[in-house]
Amino acid sequence: MTDFPILSALIVLPVLGALALLLIPPRRSEIVLPVAVGLSLITLGAAVWLLVDFESGVAGFQFVEQTSWYEPWGVGWHLGVDGISLLLVVLTAFLFPIALAASFGVKHRVREYAVAMLLLEAGIIGVFLALDLLVFFVFWEAMLVPMYFIIGIWGGERRVHAAVKFFLFTALGSAVMFAGILFLGFLGGDGVPTFDFVRLLDSDLSRTAQFWLFGAFGLSFAIKVPIFPFHTWLPDAHVEAPTAGSVILAGVLLKLGAYGLIRFNLSLFPEASVDLMPVLAVLAVIGIIYGAIVAIVQSDIKRLVAYSSVSHLGFVVLGVFALTTQGLQGGVLQMVNHGLTTGALFLLVGMIYERRHTREISQFGGLAARMPIYAGIFLFISFASIGLPGLNGFVGEFFILIGSFLSLPVYAMLAATGVVLAAVYLLWAYQRMFTGPITVAENRELRDLRIGEVLILAPILALVLFLGIYPKPALDRIEPSVDSILERIENATDYEMPQWGTTGDLP
Amino acid sequence: MVMLAAYSEGAAHLTDGGLLAQWAWLIPVVPLVLMFGIVFFGKRLPMKGWELAEAAMLFVAVYGVALLVMNASDGISYEGSVEIARIGSFTLEWGWVVDGLSIMMYAVVGVVGLAVFTYAKGYMKGDVRYTWFFAAFTMFAGAMLVLVSAPNLIQLVVGWELVGLASYLLIAHYWEDHANVVAGNKAFLVNKIADVGLFIGVIIIGVTVGSFRFSDILEAIADGDSALQQVAFWGGLALFIGAMGKSAQFPFHVWLPDAMAGPTPVSSLMHAATMVTAGVYLVGRMFPLFQTDGFAVDVKAIMMVVGALTLFLTGLIALVQDDIKKVLAYSTLSQLGYMVTAMGAGAYTAGLFHLFTHAFFKGLLFLCAGSVIHAVHSNNMSDMGGLRKAMPWTYRTFLIGSLALAGIFPLAGFWSKDEILASISYDSGHGGGTIATVVLGVAIAGAFITAFYMARAVYLTFFGEYKGHAHPHESPKVMTYPLIGLGVLSAVAGFANIPGIFTGFTQWLAARPQVMGDHHAESIDFVLAGIGLAVALLGIAAGTRLWKRDAATQQARDTFRIPVLYPVLANKYYLDDLYAKAVVDPIKGPIARFTNWTNTYVIDGVVNAFGAVSVFLSRIVYQGVDQRGIDLAFNAAASATGEAGDAVRYTTSGRIQQYAGGLFVGAVLLVVGFLIFT
C-alpha cells in the first residue's frame, strides 16, 4: 500500500475529466465521447488498482484518508473503503466507460452530456467512499443534479415529467435524511458535534432516537432502492432516460439505497434494525412478487426490465434484513450481479430501440432470424437474470434464500416463488420478441449487432460468467466487513444470529 | 486445491476406485468443454461439430462402462471436491461422486447417449441449426452428468437447472414455430415451479444439518440427528416435489408430452437417460432420508400414491394418441410412475433397476419412432401403417422395444417390472398397509394398459396398409445401427438382476458408504411374475383383437372410442385447460393487470396527490421565505452545465427550484423541531 490518496483520486479524476472536456472546442464535438470514454477508463484503471491493492480478509476500512475540515462541527474529509463498498466502486468505474461508449447515439449537446456523466460518476463514487455524513450528503445531492439533467435533457418524450418525478421523490427523501444527519451529528457524539461515521458508531442512542433516525435515513434509501411502495418513480425514469442513463440508474444508482441501508442503518441504528427487520422483510417480499407480476403485463420492454429491477432489489433487501452472514453477503453480491445483468439488458434494449425506434414488444417477433447474435446475448443475459447456475445471478440469489431462511423461513419460501415469476416475464418476453415468424415488415431489414456493440457488451458477459463460476474472490472480500456489521448488531442488541444446524421450528 | 476423501467405513468391501475414480471429474467436464468447442469451432469442422459431440459421448460411455465393470468386481465409493467459495461456516464445493448409484447413471447416460448421438447424425442431416443443435445436445448430457456426479445438494441444483436450460433450448429448437417455443417455455416453467420445492427442500435440509454434502446429511440420518428428524417430513416432501417436476409426476406431468416439439433424438435422450430420470435419481441419492424410521418415511406413502396415479392415468391417455411420439411420451410418464411407486414402496434397487432397463428400451422406441417419422414425414400413425416391409430393421427393433416395455419374458422390462410388483407386494405386508395393496392392483392394471397401447402402436404403425403419401424407406445405417445396439440391450439388460440367481445389479447399486435398507427378494415370486406376464399377454391379445384387422380407414381401425371416457382421455383429463384457465391466464391477465392498475392509479396516484398537496402547502407556508438565495444556488448549478439548464428551467418554469427550496427549508425546520422536542 502506498500513501497515494487513491480514494480522493477516484473522485477527483472524473471531475478533472469533466473539466478537460470543457476545453474541447464546440466544433470538434465528434471527439468528445471518445475522449470521455478514455477519461473514464483512467478512473477504471484507478479502481482496478484499488481492487488489486485491497487486502481481503480485513474487516475495517482501508486506504483511509482523513483531514479535518470544520473542527467546531466535527466535519472532515474522511474517506475509506471496505468489502461492502469496494465492489460497488469498481462496478461504478466499470459501467461508466461502457455507458459512455454506448452513447454514440447522442447527437445533441454532446459535450454537456459527457460532462454530466463524468460528474455523475464522481458523485456516485463519492457517496460510496465518504465516511463523513455531511460529505456523504453533499455527494448524495450532487449526484442528483447531473442525473436529473441526463433524464430531463437527453431523455424520451415525457422526459421532463420523469425527471421532475425523479427529482421530487429523491429530494423528499433527502430532506428527511438531511434532518436526520444534522440531528445525529449534533446529538450523536459525546457532547461535541461530529459527523464522522466511525466516531458515530460508538454513539449511544436511545431506542426511540434510533427508531426515528432509522426512519429518516431509511426513507431516503428506500426510495432509492426502491422498496415497495416507493418505486413508482423508477419505471418512468427508466423509460424516459437515455440508454446510458438507464444503465447507470439501474446499474449503480439503485445500489446506493441498499448500500446506505447497510452502511448507515444497520451500523448506526442496530436496535431499530432488529426491530424493523420483519417490516422490511415483508416489504421486500411484496416487492419481489409485486414487481415480477407487474413486469409480466408490461408491453414496453424497457418498462418490463425496470419492473424486474423492483423485484430483484427486493431480493437484495430481503438478504440485507435477514441479518445473517449468508443473507447480507448474498445481498451485496446480488447488488453487483444486478448491476451487470440489468445494465446489459438496458444496453440491449437501447440497441434495438436505435434500430426500430420502438420498444413495444408487440412490434417485434421472430428477431432471432435476423439478429442471431443479439438474440443469443439477450437470452444469455435473461438466464443470468433468472438466476441460472453458472451465471452470476444464481450464487447471490441462493445465498439470500439460505440466509433469509435461517432467520425468516416463511419469507424465504415466499421469495423463492419470485424465481419462477422472473422466468415467466423474461422468457415470455423473449418468446414474443425473438421467436416465431417475422410479422412486422420493418423487422425484415434489421441488421445484427455491429462489432462495436458486441465489444461494449463483451466485458459484462465475461464478468457474468466469471462471477457465476467462481464467485470466491468477490465473496472473500465482502465477508469480513459483513461479519463485523453483524457482530456489532449482536453486541449492541440481544439479537443472536441463527446458526447452522440449529433450526428446529418449521411450519 | 483438491481435497480428496475416500469413504469406506460403511462397508468394508468398498474400494476407493484408484485413479479411475480420481479422474472421474472428467465425466461431466469433457462434454461441457467439448460443448464450447462445438459452439466456437463447430462450423469449421468437417462434420460441423458432430464429431466433438460424438467424441464426448464416446468418452462418457467408455469411462462409465469401465467404472461399471470395475464396480462389479469391487464396489467403488469415492468422493472428491474443490472449494469454490466459503461463506462463514458454509463452503461451496464442486465435486464428483463415484459410487454404485452414480456409476450406473454414468454408464446409462454414456451408452444411450452414444447411440442417440450417432443416430442424430443421420436424423438431423440438413437441419438449419445443425451445429448449434449438437452444442445444446452435448450440454444437455453434460448438465445431467453434473447433476449425477454431485456430492452435494448445491451442485445437484446446478446440474438440475442446467438440464432445464438445455431442455428449453432443445424443445424450442425449431423456434420459428411459436408452438415449439410455447412448449419449451412450458417445460421450463413447470419445472421451475417444482424447483421452488427443490430449493426449499435443499435449504431446509442443508441448513438443519449444517452441510449440503450428501455424505454429511446421510451420516446425520444414520446417527439419528434429532434436529433433522423434526424437519425431515417437510424437507423430504419439498425435495420430492422437486423430483416430481423433473420426473414428470402427476400433476406436474403436463410439460412432458408437449416437450415432443423438440427433434426426436432429444425426446429419446430426455426420456431415457437424462432429465426425467433426475427426479428418481434424487430420491435414490437421498434414499435413507425416506427409508430410515423417524425421518421422512411418511413421504413414501405420498410417493406411492403419486406414482400410482401417474402410471395409471397417463397410461390411459396413451391409448388415444395418434401421434406416435405422444404415445411413447405418455408411456414414459407411466413408467416413471412405476419407478416412483417403487421408491415409495421402499424399493431402492427395484426403482432404479427399472430406470436402468427403461433407459434402453425407451431410448430405442423413440429412435425407432424417429426413423419412421423420417420415412413418412409425419408424426401421426394415421399416416403410417404397413411399414414392416419397407422398414424391416426399424420394425424388428421397435417390436423388441415394445415387448420389453410391455414386460414380456425374458426381455428387460419383464424383470424390472416384476421386481417392482414384488416390492410393492412385500411392502403391503411390511408397513405399506392398505395403500400398498391398492397400489399393487393399480400397478398390475397398469401392466395391462402398457401392453395394450404398445400393441396398438405396433399394429397401427407397422401392420395393415400404408396410409401416407411419402415413399417410406429404411433409414441409413448411421440410424439403424444404434437401433440394433439398443435393441440388444433392451433384450438382455434385465438379466443384470434376477432374484436368487444373479443379483449383480443389486450389488452394483449397493456400493455406497451408507446402507440403503431396502428389501431384496431371495427368489423370484413366481405367482406375481406369472400374473404380471399373463396380464401383459392379455393386453397384447386385446390389442391384437382390436387393431390387427385391416380396415380402409384409420378411423375404423381405431375403434377404441368409448363415449365420455374417450373425450376425457383425448383432452388429457382437461388438466392443461384447467392450468391455463385457472392459473396461467389469471396471472398473466386479470391479476397482473389489476396489480398494474393498482400500481398506476393507487400507488402512483397517492404519489401524485402527495406531490400536489406538498406544492400547495409549500406555497402557503414558505411564501414569506426569501427564495432568492436558493434560486441563486440553483441557477449556478444550472449554468455550470451550460445552456442545458436553461432548457430545463424553461420547460419546468422554474418549479423544480421551488419544490427543492421548499423541501430544504422544511428539512431545516424539521431539525429545529427535533432539537426542541427531544
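Calculation notes
Residues numbered from 1 in each chain as written. Chains lettered and ligands numbered in written order. Predicted model: local features only at pLDDT ≥ 70, side-chain atom pairs only at ≥ 80, totals over all residues. Heavy atoms only, no water. Helix = DSSP H or I, 4+ residues; strand = E, 2+ residues; numbered from the N terminus. Buried < 20%, exposed > 50% of the residue type's maximum accessible area, 1.4 Å probe, protein only. Contact = heavy atoms within 4.5 Å. Areas by Shrake-Rupley, 256 points an atom, 1.4 Å probe, with all protein chains shown as cover. Rg over C-alpha atoms; globule rule 2.2 N^0.38 Å. Polar contact = N/O pair within 3.5 Å; in protein donor to acceptor, adjacent residues only side chain to side chain. Phe/Tyr/Trp six-rings, centres within 6.5 Å; stacked < 30°, edge-to-face > 60°. Salt bridge = Lys/Arg side-chain N within 4 Å of Asp/Glu carboxyl O. Axes fitted to C-alpha atoms, helices over the stretch in contact; angles between N-to-C directions. Parallel < 35°, antiparallel > 145°, perpendicular 65-115°, else oblique. Left-handed = near helix turned anticlockwise from the far one by under 90°. Nonpolar A, V, L, I, M, F, W, Y, C, P; charged D, E, K, R; others polar. 1 Å grid on protein atoms, 1.4 Å probe; cavity = no way out; pocket = protein on both sides within 12 Å on 5 of 7 lines; lining within 4 Å. Points joined across faces, edges and corners; volume = space filled by probe spheres on them. pLDDT = per-residue confidence, 0-100. Expected span 1.5 Å × (residues − 1).

Next up on the list: the overall build of chain B. In terms of regular secondary structure, chain B is built from 29 helices and three strands. Looking at chain B as a whole, 61% of its 678 residues qualify as buried. Relative to all contacts within chain B whose residues are 6 or more apart in sequence, the contacts with residues 24 or more apart total 79%. Of the roughly 24500 Å² of accessible surface on chain B, 67% is carried by carbon and sulfur atoms.

To continue, consider the overall build of chain A. Across its full length, chain A carries 19 helices and two strands. Compactness check: chain A gives a C-alpha radius of gyration of 22 Å against a globular reference of 23 Å for 507 residues, within 12% of the reference. In terms of its C-alpha atoms, chain A occupies a principal-axis envelope of roughly 70 × 65 × 40 Å. Looking at chain A residue by residue over its 507 residues, the buried ones come to 69%. Across chain A, contacts joining residues at least 24 apart in sequence account for 82% of those joining residues at least 6 apart. For chain A, the accessible surface area stands at approximately 15300 Å², while carbon and sulfur atoms represent 64% of it.

So, on to the side chain of B:Gln249. Residues and elements named next belong to chain B. Note that glutamine 249 resides in the loop between α9 (226–246) and α10 (255–258). Since its relative accessible area comes to 0%, glutamine 249 is described here as buried. Engagement of the side chain of glutamine 249 in a polar contact is seen with the side chain of threonine 310, the distance being 3.1 Å. Leaving out residues up to four positions away in the same chain, glutamine 249 has contacts with Met244, Val306, Gly307, Thr310, Leu336, Gly337 and Val340.

All names here are of chain A. Applying the stated criterion across every chain yields a total of 54 aromatic pairs over all chains. When the centroid spacing of 6.2 Å and the interplanar angle of 15° are considered together, the rings of phenylalanine 221 and phenylalanine 264 count as stacked. Here phenylalanine 221 is found in helix α8 (residues 207–224), whereas its partner phenylalanine 264 is found in helix α10 (residues 243–268), with 43 residues between them in sequence. Joined through ring pairs, the aromatic side chains of Phe61, Phe136, Trp140, Phe197, Phe217, Phe221, Phe264 and Phe269 make up one cluster.

Here the focus is the pattern of salt bridges. Under the defined criterion, the tally for this structure stands at 15 salt bridges over all chains. Among the salt bridges present, the one from B:Arg285 reaches B:Asp99, with a minimum N-O distance of 2.8 Å. One end of the pair, B:Arg285, is in helix α12 (residues 276–285); the other, B:Asp99, is in strand β3 (residues 90–99), with 186 residues separating them in the sequence. Here B:Arg285 matches B:Asp99 in class, with each residue buried. In this structure, B:Asp258 and B:Lys186 form a salt bridge, with 3.1 Å as the shortest nitrogen-oxygen distance. Here the residue B:Asp258 occupies a position in helix α10, and B:Lys186 occupies one in helix α7 (residues 178–209), the gap between them amounting to 72 residues. Salt bridges sharing partners connect three or more residues here, namely A:Arg207, A:Glu271 and A:Asp275.

It is worth spelling out the packing of helix α5 (residues 133–154) of chain A against α10(A) at this point. Residues and elements named next belong to chain A. Two elements in contact, α5 and α10, have axes separated by 12 Å at closest approach and are oriented at 160°. The orientation of α5 with respect to α10, classified from their angle, is roughly antiparallel. Here α5 runs over α10; the crossing is left-handed. The residues of α10 that touch α5, namely those facing Leu133, Phe136, Trp140, Met143, Met147 and Ile150, are Gly245, Leu249, Leu253, Leu256 and Phe264. When grouped by side-chain class, the residues that make up the contact of α5 with α10 number 10 nonpolar, one polar and no charged.

Picture a little ball the size of a water molecule; that probe, rolled over the atoms, points out where space is still empty. All names here are of chain B. Counted according to the given criterion, the structure contains 11 cavities of 30 Å³ or more. By volume, the second largest cavity amounts to about 110 Å³. If you go around the second largest cavity, you meet 15 residues; those closest to its centre are Glu79, Val97, Asp99, Arg285 and Pro513. Looking at the lining of the second largest cavity, the elements with two or more residues in it are β2 (77–87), β3 and α8 (214–222). Taken together, the residues of the lining of the second largest cavity break down into eight nonpolar, three polar and four charged.

As a further point, take the confidence of the model for chain A. The predicted model of chain A has a mean per-residue pLDDT of 86, with 97% of residues at 70 or higher. Across residues 503–507 of chain A, where pLDDT falls below 50, the model places 10 contacts with residues more than four positions away in sequence or in other chains.

It is worth spelling out unusual backbone geometry at this point. Each neighbour pair has its own omega, and for A:Val225 with A:Pro226 the value is -10°, a cis peptide bond. Secondary-structure assignment places A:Pro226 in the loop between α8 and α9 (233–240). With phi around 55°, A:Phe63 is a residue other than glycine that occupies positive phi space. Of the residues examined, A:Phe63 reaches a relative accessible area of 11% and is grouped as buried. If you check the backbone angles, B:Met275 has positive phi at about 65° while not being a glycine. If you trace the backbone, B:Met275 turns up in the loop between α11 (264–272) and α12. Given the relative accessible area of 0%, B:Met275 is considered buried.

Residue and element names in this part refer to chain B. Between its terminal C-alpha atoms helix α15 (residues 324–344) stretches 30 Å, which fits the 30 Å expected from 21 residues at 1.5 Å a residue. Burial analysis of α15 places 20 of its 21 residues in the buried class, which makes it a mostly covered element. At the N-terminal end of α15, a side-chain oxygen is found 2.8 Å from the backbone nitrogen of lysine 325, two or three residues along, and the residue is aspartate 323. A positive phi of about 80° marks glycine 346, the residue just after α15.

Residues and elements named next belong to chain A. Remark: α9 packs on helix α12 (residues 301–321), axes separated minimally by 9 Å, with the N-to-C direction vectors making an angle of 140°. As judged from the angle between their axes, α9 and α12 are oblique. Note that α9 runs across α12; the crossing there is right-handed. Note on element contacts: α12 touches α9 through Lys302, Arg303, Ala306, Tyr307, Ser309 and Val310, opposite Leu234, Pro235, Asp236, His238 and Val239. Residues that form the contact of α9 with α12 fall into these classes: six nonpolar, two polar and three charged.

A few words on the environment of A:Leu144. Residue and element names in this part refer to chain A. Positionally, leucine 144 belongs in helix α5. Along the chain, leucine 144 and leucine 201 lie 57 residues apart, while their C-alpha atoms are 27 Å from each other. In contact with leucine 144, other than residues within four places in its own chain, are Phe166, Thr170, Ser174 and Lys224.

Turning our attention to the side chain of B:Asn180. All names here are of chain B. Along the chain, the position of asparagine 180 falls in helix α7. Take asparagine 180: its relative accessible area is 11%, and that puts it in the buried class. With residues up to four places along the chain from it excluded, the contact list for asparagine 180 reads Ile171, Ala172, Tyr174 and Ala261.

Residue and element names in this part refer to chain B. When the pLDDT values of chain B are averaged, the result is 81; 85% of them are 70 or greater. Within chain B, the lowest mean pLDDT, 36, falls on strand β1 (residues 2–6), and the highest, 92, falls on α12. Overall, residues 1–12 carries pLDDT values under 50, and its contacts beyond four positions in sequence, including any with other chains, amount to 23 contacts. Counted against residues more than four places away or in other chains, residues 624–654, with its pLDDT under 50, gives 30 contacts. Taken over the whole predicted complex, pTM reads 0.85, whereas the ipTM for its chain interfaces reads 0.80.

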